[in-house]
Amino acid sequence: MHPFQYQRADSAEQAVATVTKNPAATFIAGGTSHVDLLKEGVYRPGLLVDVSALPLRQITAHEGGLRIGAGVSNTAAAASAEVRQRYPAVSEALLAGASVQIRNVASMAGNPLQRTRCPYFRDPTQACNKREPGSGCAALEGYNHVHALFGASAACVATHPSDVAVALAALDARVQTLGPKGPRTIAFPELHRLPGTTPHLDTILEHGELITSIDLPAFTGRSHYLKVRERASYAYALVSCAVALEMDGPNIRRARVALGSVAHKPWRATSAEAMLAGQRPTEQLFRAAADAAFAEAKPLKHNAYKVPMGRQLMVRALLETSSLQPLQGPAGTAFAASVGGVAGQVASPR
Amino acid sequence: MSLPLKPEFPLALQTGDLAPDCELPDGSRLTELRGRPVVLAFAPDTWDPTLAHQSELFAQLLAEFGSGAAFVDAAADEWHALDCRGELAERFGVVGKRALFLLDEQGIVRWKTVVEPGEDLRPGPVLAALEALHPPTPAAASPATGVLASGLTRRTFVTATLAAAALLLLPGCRTESSDTNEQAATGSADGAGSGNGLLAVTLRINDKNYPLQLDPRVTLLDALREHLHLTGTKKGCDHGQCGACTVHLNGQSALSCLTLAVMSQGQEITTIEGLSTGEALHPMQAAFLKHDAFQCGYCTPGQIMAATALLQDQTTRTGSAVELREAMSGNLCRCAAYPNILAAIQEVQRA
Ligand SMILES: Cc1cc2nc3c(=O)[nH]c(=O)nc-3n(C[C@H](O)[C@H](O)[C@H](O)COP(=O)(O)OP(=O)(O)OC[C@H]3O[C@@H](n4cnc5c(N)ncnc54)[C@H](O)[C@@H]3O)c2cc1C
Ligand code: SF4
Ligand code: FES
Ligand code: FES
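Residues numbered from 1 in each chain as written. Chains lettered and ligands numbered in written order. Predicted model: local features only at pLDDT ≥ 70, side-chain atom pairs only at ≥ 80, totals over all residues. Heavy atoms only, no water.

In the annotation of an unreviewed UniProt entry, the entry for chain B reads Xanthine dehydrogenase YagT iron-sulfur-binding subunit, and the organism field reads Hymenobacter arizonensis.

Per an unreviewed UniProt entry, chain A is named Xanthine dehydrogenase YagS FAD-binding subunit, and its organism is Hymenobacter arizonensis.

Below, the structure written as structure tokens:
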């Protein structure tokens, strides 16, 4: 690890001021993503400003929805009865990610801000524009089986790995921040950006801009998260899908669908969403919507498998959210979210 | 090394050589110490008495062998006297090197380890050198005289063993797992708090306070193992992928390899050493024994810490086998003792 200094922040304002005036400073919360990148030599900050002791650990009612403090742990958010009952996609995504130990420490702001799992990004001996702008992209011609289908560029084909970010994108959560220029609100789908020619920037956050809370807007529909991975538990998604469905009698009033691990950000399937609005839910409709969503996919050499897998996953997520098919486990738990069974138990084929 | 070597001692003393007489830092002469084993340790002056377990170890060595063996280097504050750039190092031909010599009762070098400058001291060669001294079987020692088959007295051999252990703990010694130790000695300049980049950190572990001077890069895992010698917590992957390093932070399970020690200040840290009460095992430990929930045992402390924290976990609700498996998925077991681990946890849950 490169040497760095460490400071514990006493207030959000102080944390923002300290990081803003020092270009080599970064925030650290739970550290579960950050410490690993320090060890790998990917991060070489001069100063870590620890925001984990800030009073941002409450979940409160807010404008008919919920305000989740930036420092609330993934475990605490997933355990909240309000979150589980009103926004099961959020707790399903959280509980299907990482492990109990990691979730106990990982924060709600840190999770969506974790970096890509592109293996070349984590290996300082490889070319990577995200780690070192201008050095090239080893994944483009390398082994790119976990890489992007949508919105990639010649500079970077990485995907964003967070599970909960996908659910938050589908629910149009809002991110509250305090930055060098004061507070602002960011619509969650706008938080992350596409790589373009500047893949070293994952989000639109400015240097020194601190997330203070993630707000879930009022929502009375159903939501659900589904994830496929290489092993039953404790693995990142190959493809995932979050659905937020609001009904109007027997018809869909509004459907929001976000796909995970297929792009540099949670990928809202807007063409599919438009097809679903006003329609009566049927498997046929869902298949057509999934076809539309994946029509724009641009697979790389090793990730074409994600197209049929993602299409099928999206159909299933829509069927389960609209109750045309039962959830495979209790809503709001990892068991509802895990495709292909959970640890130690293989789901019976449908 | 640019220091000139005295031509009369061009090479390090070899095993079997008679050590030259010389004056020791405390004013005594080596020949005066004949009749008991002597350990001479040379080190660069990076000895750091703030590394608590090192001072403790030497205090123990003194207490145990002070009357017999002469640990001329035993106390932390005398360590500098055997600076590897000193005259003594010249006489022994180890200028600028880290070295350990064991002299027997006749003043003959029976065993030595020398680390060339720029090289890392690794346990392998030290242990191999020690192995060469080791009696093939306990029966090979004559009980009457305590003389081993190798010609050494048992006390000399035990002294060598302890000396080897001490050597391995020297700053700059790179064991497979202690990278951060060395870095701690070369910490960033102007680190907040002190000039050498070390921070004063008090960790509360198993209901005791441990004041430490730590480089901010030291993980909680390395602080426990390398600085405090609480080696029950294991290092498997060091990247959050195996669960071997699981401890409790304020009662919840957490990975000590992904936690910086400075960040865990102010939290109640519990390690596997803190689970039992005296000789009485924690029920989970007893259940692991009863159900044979391990083979090699390397993952076991982490498994037990994860399992005990689960009993209070808010996201594990029914305690069914399926749920426990999912909740324990952060702890890998290379020996695949999973069914027995599950049985042990279920038994404690039912109790
Ligand atoms: C083995 C392993 C498996 C994992 N599996 C999964 C998985 O399946 N699914 C998944 O989604 N995740 C997974 N994770 C990732 C894990 O969820 C993240 O590491 C965690 O959520 C990060 O949160 P943190 O608080 O520890 O962040 P930190 O590591 O502290 O910080 C992460 C980033 O966020 C920034 N940051 C933190 N707080 C703020 C703030 N308030 N404002 C602005 N910036 C901030 C930091 O500067 C840093 O860049 C896994 C991690 C590991 C190690
Ligand atoms: S895909 Fe992006 S993160 Fe991966 S090597 Fe290319 S530039 Fe780096
Ligand atoms: S050593 Fe910490 S998880 Fe493997
Ligand atoms: S008992 Fe050997 S790794 Fe688990």
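Having seen the structure, we can now continue with the description.
A.B. asks: Now, about the overall build of chain A: what can you tell me, with residues and values included?
C.D. replies: The helix and strand inventory of chain A stands at 13 helices and 12 strands. For 350 residues, the compact-globule estimate of 2.2 N^0.38 gives 20 Å, and chain A sits close to it at 20 Å. In terms of overall dimensions, chain A has a C-alpha envelope of 55 × 50 × 40 Å along the principal axes. A total of 350 residues make up chain A; the buried ones form 59% of that total. Across chain A, the fraction of contacts at a sequence separation of at least 24, relative to all contacts at a separation of at least 6, is 62%. Total accessible area on chain A stands at roughly 13,100 Å², and carbon and sulfur atoms take up 53% of it. Taking the 35 positively charged and 26 negatively charged side chains of chain A as two groups, their mean positions are separated by 3 Å. (Helix = DSSP H or I, 4+ residues; strand = E, 2+ residues; numbered from the N terminus. Rg over C-alpha atoms; globule rule 2.2 N^0.38 Å. Buried < 20%, exposed > 50% of the residue type's maximum accessible area, 1.4 Å probe, protein only. Contact = heavy atoms within 4.5 Å. Areas by Shrake-Rupley, 256 points an atom, 1.4 Å probe, with all protein chains shown as cover. Lys, Arg positive; Asp, Glu negative; His and termini not counted. Charge placed at Lys NZ, Arg CZ, Asp CG, Glu CD.)

A.B. asks: Lay out the site of ligand 1 with the relevant residues and their values.
C.D. replies: Near ligand 1 there are 34 residues, and of these Phe27, Gly31, Thr32, Ser107 and Asp163 of chain A occur at the shortest range. Around ligand 1 the close residues trace back to chains A and B. Ser33 of chain A is positioned such that a nitrogen or oxygen atom in its backbone is 2.9 Å from an oxygen atom of ligand 1. Measuring from an oxygen atom of ligand 1, one finds a side-chain N or O atom of Ser107 of chain A at 2.6 Å. Looking at the shell around ligand 1, the elements that each hand over two or more residues are strand E2 (25-28) and strand E8 (210-216) of chain A. Split into classes, the residues belonging to the shell around ligand 1 amount to 17 nonpolar, 14 polar and 3 charged. (Near = heavy atom within 4 Å. Polar contact = N/O pair within 3.5 Å; in protein donor to acceptor, adjacent residues only side chain to side chain. Nonpolar A, V, L, I, M, F, W, Y, C, P; charged D, E, K, R; others polar.)

A.B. asks: Summarise the pairing of E8 of chain A; cite the residues concerned and give the values.
C.D. replies: Residues and elements named next belong to chain A. The buried fraction of E8 amounts to 7 of the 7 residues, a majority that puts the element mostly inside the structure. Of the pairings in the sheet, the one linking strand E5 (residues 65-69) to E8 comprises 4 bridges and is antiparallel in character. Along E8, the bridge assignment pairs Gly69 with Ser213. (Pairing = 2+ DSSP bridges.)

A.B. asks: How would you summarise the packing of aromatic side chains if you had to cite specific residues and measurements?
C.D. replies: Residues and elements named next belong to chain A. In total, this model carries 3 aromatic pairs over all chains according to the counting rule given. The interplanar angle of 20° and the centroid separation of 6.5 Å between the aromatic rings of Tyr87 and Phe219 together place this pair among those described as stacked. Remark: Phe219 occurs in the loop between E8 and strand E9 (222-229) and Tyr87 occurs in the loop between helix H4 (81-86) and helix H5 (88-95); sequence separation between them is 132 residues. In this structure, Tyr87 and Phe219 share a single accessibility class: buried. Ring geometry for Phe150 and Phe294: centres 5.7 Å apart, planes at 55°, overall tilted. On the criterion of sequence distance, the pair formed by Phe150 in the loop between helix H7 (138-141) and helix H8 (164-170) and Phe294 in helix H11 (residues 283-295) is long-range, its members being 144 residues apart. The same class applies to Phe150 and to Phe294, which are both buried. Feature note: the residues Phe150, Trp267 and Phe294 constitute an aromatic cluster, connected by ring pairs. (Phe/Tyr/Trp six-rings, centres within 6.5 Å; stacked < 30°, edge-to-face > 60°.)

A.B. asks: Now, about the nonpolar core: what can you tell me, with residues and values included?
C.D. replies: Counting residues in each nonpolar core, the largest one holds 54 residues, and the members touching the most others are Val90, Leu168, Phe188, Leu210 and Leu216 of chain A. The biggest single contributor to this core is H8 of chain A, with 7 residues. Excluding residues within four positions of it along the chain, Val90 of chain A makes contact with Val83, Val164, Ala167, Leu168, Leu171 and Leu216 of chain A. Counting 39 residues, the second largest nonpolar core, distinct from the first, contains Phe4, Val35 and Cys128 of chain A together with Leu260 of chain B. (Core = buried A, V, L, I, M, F, W, Y, C linked by side-chain atoms within 4.5 Å.)

A.B. asks: Can you break down helix H1 (residues 12-21) of chain A residue by residue, with the values?
C.D. replies: Along an α-helix, a turn takes 3.6 residues, which lines up residues three or four apart on a common side. Residue and element names in this part refer to chain A. Residues of H1 that are buried: Ala12, Ala15, Val16, Thr18 and Val19. When H1 is viewed along its axis, its buried side chains cluster within an angular range of 165° and face the same direction. Residues of H1 that are exposed and point over 90 degrees away from its buried face: Glu13 and Lys21. (Arc of directions from axis to C-beta.)

A.B. asks: An account of the UniProt feature "domain: FAD-binding PCMH-type" (unreviewed entry) in chain A is needed here, citing residue identities and associated values.
C.D. replies: If you check UniProt for "domain: FAD-binding PCMH-type" (unreviewed entry), the listed places come out as residues 1-221 of chain A in our numbering. Taken end to end, residues 1-221 of chain A is 26% helix and 18% strand, and its first and last C-alpha atoms sit 47 Å apart. (UniProt positions renumbered as here; feature names shortened; annotations may be inferred.)

A.B. asks: Residues and numbers for the packing of helix H7 (residues 283-290) of chain B against helix H8 (residues 300-310) of chain B, please.
C.D. replies: All names here are of chain B. One can describe the packing of H7 onto H8 by two numbers: an axis separation of 10 Å at closest approach and a directional angle of 130°. For the element pair H7 / H8, the angle class is oblique. For the crossing formed where H7 meets H8, the hand is right-handed. Facing H7, whose interface residues are Met284, Gln285 and Phe288, H8 presents Thr300, Gln303, Ile304, Ala307 and Thr308. (Axes fitted to C-alpha atoms, helices over the stretch in contact; angles between N-to-C directions. Parallel < 35°, antiparallel > 145°, perpendicular 65-115°, else oblique. Left-handed = near helix turned anticlockwise from the far one by under 90°.)

A.B. asks: Go over the side chain of Thr315 of chain B with me, naming the residues and quoting the values.
C.D. replies: All names here are of chain B. Relative to the elements of secondary structure, Thr315 occurs in the loop between H8 and helix H9 (321-327). Looking at Thr315, the relative accessible area reads 14%, which means it is buried. Here the side chain of Thr315 touches Asp313 through a polar contact of 2.6 Å, side chain to side chain.

A.B. asks: Which residues make up unusual backbone geometry, and what are the values?
C.D. replies: A positive phi is found at Tyr234 of chain A, a non-glycine position, where the angle reads about 60°. Tracing the chain through its elements places Tyr234 of chain A in the loop between E9 and strand E10 (237-248).

A.B. asks: For the sheet that holds strand E11 (residues 251-260) of chain A, give the residues involved together with the corresponding values.
C.D. replies: Residue and element names in this part refer to chain A. Read from one edge of the open sheet, 4 strands run E9-E10-E11-E12, paired in antiparallel fashion. Strands at the two margins of the open sheet, each flanked by one partner only, are E9 and strand E12 (267-268). Pairing geometry for E11 and E12, over 2 bridges, is antiparallel. Residue pairing for E12: Leu259 is matched across the bridge by Trp267. Lying on the sheet, helix H12 (residues 306-321) is in contact with E9, E10 and E11; it crosses E10 at an angle near 30°.

A.B. asks: How would you explain the interface of chain B and chain A if you had to name every residue and give the values?
C.D. replies: Each partner contributes to the interface: chain B provides 42 residues, whereas chain A provides 40 residues. Around 3,500 Å² of area is buried between chain B and chain A when both sides are counted, 57% of it from carbon and sulfur atoms. The largest share of the area that chain B buries against chain A comes from Leu258, Met263 and Glu326 of chain B, three residues that together contribute 20% of it. Linking chain B with chain A are 1 salt bridge, by the criterion used here. Residue Lys39 of chain A pairs with Asp238 of chain B through a salt bridge whose shortest N-O separation is 2.8 Å. Between the two partners, chain B and chain A, sit 13 residue pairs in polar contact (both at pLDDT 80 or more). Only strand E8 (252-255), H8 and H9 of chain B provide two or more residues apiece to the side of chain B that touches chain A. Per-element tally for the side of chain B that touches chain A: the top contributor is H9 of chain B, with 5 residues. Across the side of chain B that touches chain A, the residue classes break down as 17 nonpolar, 17 polar and 8 charged. (Buried area = accessible area lost by both parts, 1.4 Å probe. Salt bridge = Lys/Arg side-chain N within 4 Å of Asp/Glu carboxyl O.)

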